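Below, each chain spelled out in residue letters.
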Amino acid sequence: MHHRPKHLDVKRDSALTIEWEDGSRSTYTIAYLRKCSPSADAKKLREEMQNNPLTILPDGMTDQSLSIENIELIGNYAVRISFSDGHHTGIYSWNYLREIDPAN
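Computed from a predicted model, the values in this text were never measured in an experiment.

1. Here we look at the sheet that holds strand 5 (residues 78-83)
Pairing in this open sheet of three strands is antiparallel, and the strands run 4-5-6 from one edge to the other. What marks the edges here is a single partner per strand, and that holds for strand 4 (68-74) and strand 6 (91-93). On average, each strand axis in the sheet is inclined to that of its neighbour by 25°, with strand direction left out of account. Alignment of strand 4 against strand 5, held across six bridges, turns out to be antiparallel. Its bridge partner lying in strand 5, Ile71 is registered against Ile81.

So, in structure tokens, the structure goes:
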């Protein structure tokens, strides 16, 4: 199933809210989006954290002042989010964002 957003509301210092075509709504805090980044390095870190609860987090991963510096559409299937800690390699597809919806 392909999920498509109807509207994106970006509050750079707090959250991204997506209103979906099916009428549902998803809200993601900035820290949650950063932690769930689909980039290879973030995926590797999540795997390490599952195996070792004492994994040391890189600077910025727990920073409460984290914000979105930029968000850009990638075709009609995803967004790339650039965070204030310099991370910008995660491409969040609409389907991935539905999968990680905190409400589910």
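Now that the structure has been shown, the text picks up again.
2. Quick notes on the pairing of strand 5
Along any regular strand, the residues point their side chains to alternate faces of the sheet. Of all six residues in strand 5, five are buried; the element is thus mostly enclosed. The loop that links strand 4 with its antiparallel partner strand 5 comprises three residues; one of these, Gly75, has a positive phi angle of about 55°.

3. Things to note about the environment of Tyr96
With respect to the secondary-structure elements, Tyr96 resides in helix 3 (residues 94-99). You can call Tyr96 buried: its relative accessible area is 18%. At 2.5 Å, the side chain of Tyr96 forms a polar contact with the backbone oxygen of Cys36.

4. Focus on the sheet that holds strand 1 (residues 5-11)
Strand order in this open sheet of three strands is 1-2-3, and the pairing throughout is antiparallel. Only two strands of the sheet have a single neighbouring strand rather than two, namely strand 1 and strand 3 (25-29). Neighbouring strand axes in the sheet, compared pairwise and without regard to direction, differ in orientation by 15° on average.

5. Describing the pattern of salt bridges
Scanning all chains against the criterion turns up six salt bridges. Notably, a salt bridge pairs Asp22 with Arg98, separated by 3.2 Å at the nearest N-O pair. Residue Asp22 is found in the loop between strand 2 (15-20) and strand 3, and its partner Arg98 is found in helix 3; the two are separated by 76 residues along the sequence. Here Asp85 ties to Arg34 by a salt bridge, and the two come within 2.8 Å at their closest N and O atoms. One end of the pair, Asp85, is in the loop between strand 5 and strand 6; the other, Arg34, is in helix 1 (residues 30-35), with 51 residues separating them in the sequence.

What counts and what doesn't
Residues numbered from 1 in each chain as written. Predicted model: local features only at pLDDT ≥ 70, side-chain atom pairs only at ≥ 80, totals over all residues. Heavy atoms only, no water. Pairing = 2+ DSSP bridges. Helix = DSSP H or I, 4+ residues; strand = E, 2+ residues; numbered from the N terminus. Axes fitted to C-alpha atoms, helices over the stretch in contact; angles between N-to-C directions. Buried < 20%, exposed > 50% of the residue type's maximum accessible area, 1.4 Å probe, protein only. Polar contact = N/O pair within 3.5 Å; in protein donor to acceptor, adjacent residues only side chain to side chain. Salt bridge = Lys/Arg side-chain N within 4 Å of Asp/Glu carboxyl O.

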